[in-house]
Amino acid sequence: MSQSLGKALQILGVLGTGPASLDELAAVLGVHKTTVLRLLRTLADEHFVFRDPSHRYHLGARIHELSSRGLDQREVRGIAAPHLAAFNREHRHTTHLSELIGAEIVYIDKLESHDHVRMASRIGLRAPVHSTAAGKVLVADLPETELADVLAQVSFTPATENTITDATAYRAELGIVRAQGWGHDREENERSVNCVAAPVRDASGRAVAAVSVSVPNIVLTDERLLELLPSLLAVTERVSRECGWRPITDSSRGRPA
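Residues numbered from 1 in each chain as written. Predicted model: local features only at pLDDT ≥ 70, side-chain atom pairs only at ≥ 80, totals over all residues. Heavy atoms only, no water.

1. Quick look at the overall build of the chain
Secondary structure assignment for the chain yields ten helices and eleven strands. Here the C-alpha coordinates of the chain stretch approximately 70 × 40 × 40 Å along the principal axes. Taking all 257 residues of the chain together, the buried fraction comes to 43%. Taking contacts inside the chain between residues at least 6 apart in sequence as the whole, the part at least 24 apart equals 54%. (Helix = DSSP H or I, 4+ residues; strand = E, 2+ residues; numbered from the N terminus. Buried < 20%, exposed > 50% of the residue type's maximum accessible area, 1.4 Å probe, protein only. Contact = heavy atoms within 4.5 Å.)

Set out below in structure tokens:
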């Protein structure tokens, strides 16, 4: 029973990357097609998968339902939702809420821009920490031992010619992020798209999520994007306060720590 459950979960994992045929699933799992077919029929009966007219299998409605419920249960997402909606209505640009999972970020909420340009990102999609503003914000907040663990997992693969591609340069960038309190992606994750991000903190003061704004150059220049920072920082402060965070005045710097 546990082996069958494990194989069924592997099937869902494979289909999470895209549709697949029975033969493809059997090859990936390394088991006979009859075994895979039996599992697929059970999953289909419960609406976890479905087969299209081309005999390829996809994730089913039950998966999407559970995913949506799971996201709704994330406390920070629920707290942030009305604030992000107001920010998005005012500024009309793509707005993301992300959290750190291992050495990647995952988008746990997204509000689309109000123009005709759409970002490729979607809720549930993962992205590298080294090339995204949200990734920089979340990694910059880690204690040194956790930071070292994350950096050991980062491949520093270039997404564009502007991507930071080594740990030393990335650490220097993280120092800038800590000092200024926000992160910047200058066409580092996607050509012609700039992004700024700021942290959401919980009662302990730790960054538990990041709010980011992504805008293509054809819609807004990077210089104009930076003009949104005061509004972005105000939003993340409001969300952080509702998550229990309270700023502690750092008299040596004359601003909240």
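From this point, things continue past the structure.
2. Brief notes about the sheet that holds strand β2 (residues 49–51)
With antiparallel pairing, the three strands of this open sheet are ordered in space as β1-β3-β2. The outermost strands of the open sheet, each flanked by one partner alone, are β1 (20–21) and β2. Here two bridges tie β1 to strand β3 (residues 56–59), and the two strands are oriented antiparallel to one another. Its bridge partner being in β3, S21 is matched across the sheet by R56. (Pairing = 2+ DSSP bridges.)

3. Details of the confidence of the model for the chain
A residue-level look at the chain finds 93% of positions with pLDDT of 70 or above and a mean pLDDT of 90. Predicted confidence for residues 250–257 stays below pLDDT 50, and this span has ten contacts to residues more than four positions away or in other chains. (pLDDT = per-residue confidence, 0-100.)

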